[in-house]
Amino acid sequence: MEEKLKQLHQEASEKVKQSTELKELNEVRVAYLGKKGPITEVLKGMGKLSAEERPKMGALANEVRDSIASAIESKQQALEAAAIEKKLEQETIDVTLPGLPVKVGTHHPLTSVIEEIEDLFISMGYKIEEGPEVEKDYYNFEALNLPKGHPARDMQDSFYITEDILLRTHTSPVQARTMERHGGKGPVKIICPGKVYRRDNDDATHSHQFMQIEGLVVDENIRMSDLKGTLNLFAKKLFGEEREIRLRPSFFPFTEPSVEMDISCKICGGKGCSVCKGTGWIEILGAGMVHPNVLEMAGFDSEKYTGFAFGMGPERIAMLKYGIDDIRHYYTNDYRFLTQFGRAEFN
Amino acid sequence: MFVSYKWLEDYVDLSDITPDELAEKITRSGIEVEGVEVPSKGIENVVIGHVLSCEKHPEADKLNICKVDVGEEEPVQIICGAANVGKGQKVAVAKVGAVLPGDFKIKKAKLRGEASNGMICSLQELGIEGKLVPKEFSEGIFNFPKDAIVGEDALQALALDDSILELGLTPNRADAMSMLGVAYEAGAILDRPVKLPDLEYKMHSDEASSLVTVEVEAEDQNPVYLAKVIRNIKIGPSPQWMQSRLIASGIRPHNNVVDITNYVLLEYGQPLHAFDLDKLKTNKILVRLAHEGEKIETLDDTVRELKSHHLVITNGEEPVAIAGVMGGANSEVTDSTTSVLIESAYFAPSAIRQASKDHGLRSEASSRFEKGVDPNRVKPAAERAAQLLTLYAQGEVLTGTAAHDKMDKSEKQISITLEKINRVLGMSLTAEEVLDLFRRLQIEAAANQGTIHVSAPTRRGDLLIEEDLIEEAARLYGYDHIPMTLPVHETNPGGLSPRQNKRRLIRQVLEGAGLMQAVTYSLTNDAEAKEFALDVRQPVKLLMPMSEERSNLRLSIVPQLLESVSYNLARQHDSIAYYESGSVFLNEQGSDLPREDEHLAGAITGLWQFHAWQGEKKPVDFYVLKGILDALWERLGISDRIRYEKGKEDQLHPGRTAAIFFNGEKIGFLGQVHPSKEKEMDLKETYVFEVKLEAIYNYQPDALAYKAIPRYPSITRDIALVVESSVLGGELERIIKDAGGTLLKSVKLFDLYEGDRLEEGMKSLAFSLVYMDPSRTLTDEEVVKAHDRVLQAVQEKASAKLRG
């Protein structure tokens, strides 16, 4: 009997091993472990055995049965896994094909530049101020120390609506209005972005409409060194830590002293190249200490208060940052242009 | 302003500083040097030659065979095509091996069988601009004076081996519109003295004032007028060095008299005018305002009509010049002139600016008068001219001047405390340092108990207030020495206003939804200014537009967006999705300024989704754009306050237009561009929207508050309702919501059917209704009750029947 069991065990194991499909395996199960199977037959014959042999054979029979069952079980798992594997294999896709396009819009590059500058100054405690694009002559010129008859305010250079109303030629009237609203009390600490207009024919470097962003700080004890420190922070943040700044004397009617700020050329690192015209420096913005006439006209005591102001063109900043060569690109909204600015920049 | 480095050396020692170094220093301390040009750059091996013989080429009418002595053992043969070449001339010869501008190399050549070993040059061929070449040489080769030395370097003789600094002058630095002004600047920067011209010369004992009288009626416009009289002059060319300096400064040489007045203008910044004294007839100068309609023929052979605010120089009878702008033809200096009256005067800037503008004449003279010349140089400039006329026109200068002089020539006194200088700059300069800076500027200054007293010279008309002194000291001291600090004051939090935050949120949402931000022009043409306007009124117009295309301020953003769409379509980009926010401008009765309303607009066309290889293609439609707007309302927290109604706009498809309401007020539209407009602009099916943002900006939604997540199940009931086609889905939805009561949590349309299986003129709308009570499980009866109310309401209010 023992011989028989061992033989059954071997036979069954062999068949399990050879099974390649679940159905076949099930047949093996039924054949060996079923109620009519040989092991049951063997167990039925147990009664003929002696009392000593019976438990021994019983144990052996159980052992054989369990072993076969477990072999079937593991084989079944293996076959099932293989079946799934096969099914999944058939479901294979080409992962290199394009995905479903998701439409994503982007900021206009000028908006990106303006928001970046706004955010930098907000972090230094500035507020954003806005004002009308159609402005009174008074705020656009007179309040900024450009009295009537001043050569810089020629009718030919501005778009007038009436004798006294025009499209603002800079965002400085927002400064004048804001200072006036403060009623002679500091601090004023603002950034003014917006559209401005000048009578220029549109070409690669001129546009009758463009953007400006200006800053103004007025308080007691505002020094020119504060202007320089602020501009230095700004230049490094916007153009990179390794950029140096320099101030050159200049002239604006609304500031005195007036300066222009250059940054060291990013392309050549200051050695001189075609971008910086060999000078190693690139002009970025105009700035200065607020002219006492401007302070006084806005109701500030110019003996007590001082201030600084600076202004720049986002078009130019974006041109320098991204190497854009034609100002008209900003206003034609060519998709081939706009989509180039979809990638975020992390500075 | 062009500054010759060699000329500047007359006044300031520049021996150890190169032109480029000087340019850099000038730029850093006050005046931007926009470029440094070396006129002789790229030119080699050009010498002075003597034309020994000149004969017609036997084979060519227009060519001449010249034998030219160039200072070598043998003369060279050169074929020259210039009509004005001739025997005995001293000319500029580019020898074989020479290089001319544009990398033009001179080689041995044969012209119609004759050898040509070099080239006789015109000034243009030596790189001088045609408009600066003296008239007699403008059509041919240049002739040196007879005494020019054969074989010498022609570039040196023409002073082309110079460096020209181009100064970009800001309006305040009119003082640098003269060589002396630049010399003071360079002297201050280099801390070197300035050597002024020596004004010594021999005078004739006759008094100018005995021969000529000067009278000024318009004293406000002309506080000082000096006349010098020079007799027995010989008109001829001015010396080569003077001509070279004029050319370097951008002025064309004419003759010695005119050149000398221009030379002094450049040197002193004082414009002069030379009258032919004999042609003046009356020996009298009367300066007055013109009579309205009075006429004068000016030097450019143009008859000009004068207005009563124009200042004129007259001979007491008729105008002989428009003061400071241009002389009259009737008193012009010509080759036959023998006596001249040299005018040196101060004309009021505003008078000259107006006259120069009225006549469309801007000259070296007017541009200086406009900014105000130095009253203390009126006389020295006149003397300098007289001196040069004795030297270079053999003139006989009469003693003194005939003059009218009521000019205040005193220096402006300005005081500032040292404390203020340092407070404004954020520095700690000492009084000695500040005084030293003014000493270098040759500006008189003294310190007294912490106050600096400055006497601003009249040559520096830009120094008027304390701040001007601060700038003057700081720029010379060097802005590099200003430390970098940050404002020290009470810190207020920075940040965006709620309106600015909303604007940025709108950008985020729309870009996230796939719209590209556009920026278009605010100025537009007559037709487009009125299209798509939410507030229909007359557009704001420019007084003097540059073109009709940009003559009106926009009332709507959509037209320009459509222009941009059309621009892209024409460049093979056919799926476009834009948004733009910005001002539109509304004429407002009784207000100074037009009203500026911020609008938000968008335009989409082409495919919204396109997954080519999967065959998924969704063209844009009304509901794509509506869905995006709904997402925007959701993010702005105003969904429940927005309502769409069937709308009507002139430029939109009559059946596909919605009016958008916010809090019951119409704020915008959404719809398809009218097919006829699409056709006109070559657009494909395009959907647009525009909304006013003001009310949305001003609205403050309730604070966000958490609502408990429901713990009890909801019950869903679907109904399909058959209604007349004209019944709006939104209307039906509202009826359901109103009738459903508090238990009805949501109503969603999930099917729309119009077709064969329904009666003509009917449609079926299927809604999914969700009932729920957050505090308990609903019973069937409760739902049935509410649902019956809904069914009853839709039947009563919209004649809706349940679809069988």
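Residues numbered from 1 in each chain as written. Chains lettered and ligands numbered in written order. Predicted model: local features only at pLDDT ≥ 70, side-chain atom pairs only at ≥ 80, totals over all residues. Heavy atoms only, no water.

Chemist: I keep staring at the overall build of chain A and nothing clicks. Help me out?
Modeler: A tally of helices and strands in chain A yields 12 helices and 9 strands. The C-alpha atoms of chain A give 43 Å as radius of gyration, which overshoots the globular expectation for 347 residues (20 Å, by more than 25%). Its C-alpha atoms give chain A principal-axis dimensions of roughly 135 × 45 × 45 Å. Each of the 347 residues in chain A was classed as buried or not, and the buried ones make up 52%. Partitioning the intrachain contacts of chain A with sequence separation of at least 6 by distance along the chain shows that 67% fall at a separation of at least 24. For chain A, the exposed area adds up to about 16400 Å²; of that, 52% sits on carbon and sulfur atoms. A gap of 7 Å separates the mean positions of the 45 positive and 55 negative side-chain charges of chain A. (Helix = DSSP H or I, 4+ residues; strand = E, 2+ residues; numbered from the N terminus. Rg over C-alpha atoms; globule rule 2.2 N^0.38 Å. Buried < 20%, exposed > 50% of the residue type's maximum accessible area, 1.4 Å probe, protein only. Contact = heavy atoms within 4.5 Å. Areas by Shrake-Rupley, 256 points an atom, 1.4 Å probe, with all protein chains shown as cover. Lys, Arg positive; Asp, Glu negative; His and termini not counted. Charge placed at Lys NZ, Arg CZ, Asp CG, Glu CD.)

Chemist: Is there a simple way to explain the overall build of chain B in this structure?
Modeler: Per the secondary structure count, chain B includes 22 helices and 43 strands. What you see for chain B is a C-alpha radius of gyration of 42 Å, clearly larger than the 28 Å of a compact globule of 804 residues, by over 25%. Principal axes of the C-alpha set define a box for chain B whose edges measure 130 × 85 × 55 Å. Counting across all 804 residues of chain B, residues that qualify as buried make up 53%. When contacts within chain B are restricted to residue pairs at least 6 apart in sequence, those whose partners lie at least 24 apart make up 68%. Surface summary for chain B: the accessible area is close to 36800 Å², and the carbon and sulfur share equals 48%.

Chemist: Even after reading the chapter, I still don't get the sheet that holds strand 4 (residues 188-197) of chain A, so can you show me in this structure?
Modeler: Strands in a sheet are paired, the pairing made by backbone hydrogen bonds, and the direction either parallel or antiparallel. Residue and element names in this part refer to chain A. Taken in spatial order, the 7 strands line up as 1-4-5-9-8-7-6 in an open sheet, and their pairing is mixed. Edge positions in the sheet fall to strand 1 (127-128) and strand 6 (245-252), since each of these pairs with one other strand and no more. Pairing geometry for strand 1 and strand 4, over 2 bridges, is parallel. Directly across from Lys127, in strand 4, lies its bridge partner Ile190. Against the sheet, helix 7 (residues 172-181) contacts strand 4, strand 5 (209-220) and strand 9 (305-312), and its axis sits at roughly 30° relative to strand 5. (Pairing = 2+ DSSP bridges. Axes fitted to C-alpha atoms, helices over the stretch in contact; angles between N-to-C directions.)

Chemist: For this particular structure, what's the right way to read the packing of helix 5 (residues 109-122) of chain A against helix 10 (residues 314-322) of chain A?
Modeler: When two helices pack together, their arrangement is given by the angle between their axes and by how far apart the axes lie. Residues and elements named next belong to chain A. At a minimum axis separation of 9 Å, helix 5 and helix 10 run at an interaxial angle of 100°. When the axis of helix 5 is compared with that of helix 10, the two are roughly perpendicular. Packed against helix 5, whose contacting residues are Pro109, Leu110, Val113, Ile114 and Glu116, the element helix 10 presents Pro314, Glu315, Ile317, Ala318, Lys321 and Tyr322 at the interface. (Parallel < 35°, antiparallel > 145°, perpendicular 65-115°, else oblique.)

Chemist: Just to check I follow, could you spell out unusual backbone geometry for this structure?
Modeler: When glycine is set aside, most residues are seen to have a negative phi, and most peptide bonds are trans. Residue Pro187 of chain A follows Gly186 of chain A across a cis peptide bond; omega there is -5°. You can see Pro187 of chain A is positioned in the loop between helix 7 and strand 4. Of note, the amide linkage connecting Glu256 of chain A to Pro257 of chain A takes the cis form, showing an omega dihedral of -5°. With respect to the secondary-structure elements, Pro257 of chain A resides in strand 7 (residues 255-264). In this structure, Asn45 of chain B takes a positive phi of about 65° despite not being glycine. Inspection of the secondary structure assignment puts Asn45 of chain B in strand 3 (residues 44-57). For Lys281 of chain B, which is not a glycine, the phi torsion comes out positive at approximately 70°. Relative to the helices and strands, Lys281 of chain B resides in the loop between helix 8 (277-280) and strand 17 (284-289).

Chemist: I'm lost on the sheet that holds strand 21 (residues 319-322) of chain B in this one. Help?
Modeler: Residues and elements named next belong to chain B. The 5 strands lie next to each other as 14-17-20-21-22, forming an open sheet whose pairing is mixed. Strands at the two margins of the open sheet, each flanked by one partner only, are strand 14 (213-216) and strand 22 (326-327). Sheet analysis places strand 20 (residues 311-314) next to strand 21, joined by 3 bridges and oriented antiparallel. Counterpart to Thr314 in the pairing with strand 21 is Pro319.

Chemist: What's the story with the interface of chain B and chain A in this structure? I'm lost.
Modeler: Note on interface size: it is often stated as the accessible area lost on association of the parts. Facing the 90 residues of chain B at the interface are 93 residues of chain A. Taken together, both faces of the contact between chain B and chain A bury some 7800 Å²; the carbon and sulfur share is 57%. Taken together, the links from chain B to chain A amount to 9 salt bridges. For Asp119 of chain A, the salt bridge identified is with Arg504 of chain B, shortest N-O distance 2.8 Å. (Buried area = accessible area lost by both parts, 1.4 Å probe. Salt bridge = Lys/Arg side-chain N within 4 Å of Asp/Glu carboxyl O.)

Chemist: Where do I start with the state of the cysteines in this structure?
Modeler: Should the sulfur atoms of two cysteines be covalently bonded, the bond is a disulfide. Taken as a whole, this structure holds 0 disulfides over all chains when the rule is applied. No disulfide involves Cys273 of chain A; its nearest neighbouring cysteine sulfur is the one of Cys265 of chain A, lying 3.7 Å away. Looking at Cys66 of chain B, it has no disulfide partner, and the nearest cysteine sulfur is the one in Cys54 of chain B, 3.8 Å off. (Disulfide = S-S within 2.5 Å.)

Chemist: What is the right way to look at the pairing of strand 12 (residues 164-168) of chain B in this model?
Modeler: Along any regular strand, the residues point their side chains to alternate faces of the sheet. Residues and elements named next belong to chain B. Within strand 12, 4 of the 5 residues are buried, which leaves the element mostly enclosed by the surrounding structure. Pairing of strand 1 (residues 2-4) with strand 12 involves 3 bridges; the strand directions are antiparallel. Bridging from a neighbouring strand, Ser4 pairs with Ile164 of strand 12. Bridge count between strand 2 (residues 32-37) and strand 12: 5 bridges; the pairing is antiparallel. Within the sheet, the bridge partner assigned to Val33 lies in strand 12 and is Leu167.

Chemist: Mind showing me how you'd approach the domain arrangement of chain A here?
Modeler: Once the domains are mapped, chain A shows domain 1 (2-90) and domain 2 (109-341). Of note, the centres of domain 1 of chain A and domain 2 of chain A, computed from C-alpha atoms alone, are 90 Å apart. (Domains from an automatic or database assignment.)

Chemist: Help me out: how do you make sense of the pairing of strand 5 of chain A in this one?
Modeler: All names here are of chain A. The buried count for strand 5 comes to 11 of 12 residues, which makes it a mostly enclosed element. The pairing of strand 4 with strand 5 spans 10 bridges and is antiparallel. If you follow Lys195 over to strand 5, its bridge partner there is Met211. Note: strand 5 against strand 9, 8 bridges, orientation antiparallel. Directly across from Gly215, in strand 9, lies its bridge partner Phe310.

Chemist: Help me understand the packing of aromatic side chains in this model?
Modeler: Here a ring pair, both rings aromatic, is described through the centre-centre distance and the interplanar angle of the planes. Residue and element names in this part refer to chain A. This structure, assessed with the given rule, holds 21 aromatic pairs over all chains. Considering the side-chain rings of Phe121 and Phe234, the 5.9 Å spacing of their centres and the 25° angle between planes classify their relative orientation as stacked. Highlighted residues: Phe121 in helix 5 and Phe234 in helix 8 (residues 224-239), separated in sequence by 113 residues. Judged by its relative accessible area of 0%, Phe234 is buried. Look at Phe337 and Phe341: their rings are 5.0 Å apart centre to centre, the planes differ by 65°, and that puts the pair in the edge-to-face class. Judged by its relative accessible area of 13%, Phe341 falls in the buried class. (Phe/Tyr/Trp six-rings, centres within 6.5 Å; stacked < 30°, edge-to-face > 60°.)

Chemist: How should I be thinking about helix 4 (residues 53-90) of chain A in this particular structure?
Modeler: In an α-helix, one full turn covers 3.6 residues, which means residues spaced three or four apart are oriented alike. Residues and elements named next belong to chain A. Given a rise of 1.5 Å per residue, 38 residues ought to cover 56 Å, and the 55 Å separating the end C-alpha atoms of helix 4 matches this to within 8%. When helix 4 is considered as a whole, its buried residues turn out to be Met57, Gly58, Leu60, Ala61, Val64, Ile68, Ile72 and Leu79. The secondary structure elements touched by the buried residues of helix 4 are helix 1 (2-18), helix 2 (22-33) and helix 3 (38-44). (Expected span 1.5 Å × (residues − 1).)

Chemist: Explanation requested: the nonpolar core in the structure shown.
Modeler: Grouped burial of nonpolar side chains is what soluble globular proteins tend to show. By size, the foremost hydrophobic cluster in this structure holds 187 residues, and its most contacted members are Phe234, Met261 and Phe310 of chain A together with Leu22 and Trp633 of chain B. Of the residues forming this core, the biggest block, 9 residues, is contributed by helix 4 (residues 179-190) of chain B. Not counting the four nearest positions on each side in its chain, Trp633 of chain B is found in contact with Ile638, Ser639, Ile642, Tyr644, Ile660, Val691 and Ile696 of chain B. If you look at the next biggest cluster of nonpolar residues, it comprises 39 residues, including Ala218, Leu311, Ala323 and Phe369 of chain B. (Core = buried A, V, L, I, M, F, W, Y, C linked by side-chain atoms within 4.5 Å.)

Chemist: Would you explain the environment of Gln124 of chain B in this entry?
Modeler: Residue and element names in this part refer to chain B. The topology assignment puts Gln124 in the loop between strand 10 (118-120) and strand 11 (143-144). Along the chain, Gln124 and Ile141 lie 17 residues apart, while their C-alpha atoms are 8.8 Å from each other. In this structure, Gln124 is in contact with Gly130, Val133, Phe137 and Ser138, ignoring residues within four places of it in sequence.

Chemist: I would appreciate a short explanation of the pattern of salt bridges in the present structure.
Modeler: Opposite charge on two side chains lets them pair, provided their charged atoms get close. With the rule as written, the count across this model stands at 75 salt bridges over all chains. The residue Glu215 of chain B makes a salt bridge to Lys284 of chain B at a minimum N-O spacing of 3.5 Å. Within this pair, whereas Glu215 of chain B is found in strand 14, its partner Lys284 of chain B is found in strand 17, the two being separated by 69 residues in sequence. As a salt-bridge pair, Glu305 of chain B and Lys295 of chain B come within 3.8 Å of each other at their nearest N and O atoms. Pair noted here: Glu305 of chain B is in strand 19 (residues 303-305) and Lys295 of chain B is in strand 18 (residues 295-297), with a separation of 10 residues, a long-range link. Residue classification places Lys295 of chain B among the exposed positions, given a relative accessible area of 52%. Here the salt bridges share partners, and the residues they tie into one network are Arg246, Arg248, Glu260, Asp262 and Glu283 of chain A together with Glu24 and Glu32 of chain B.

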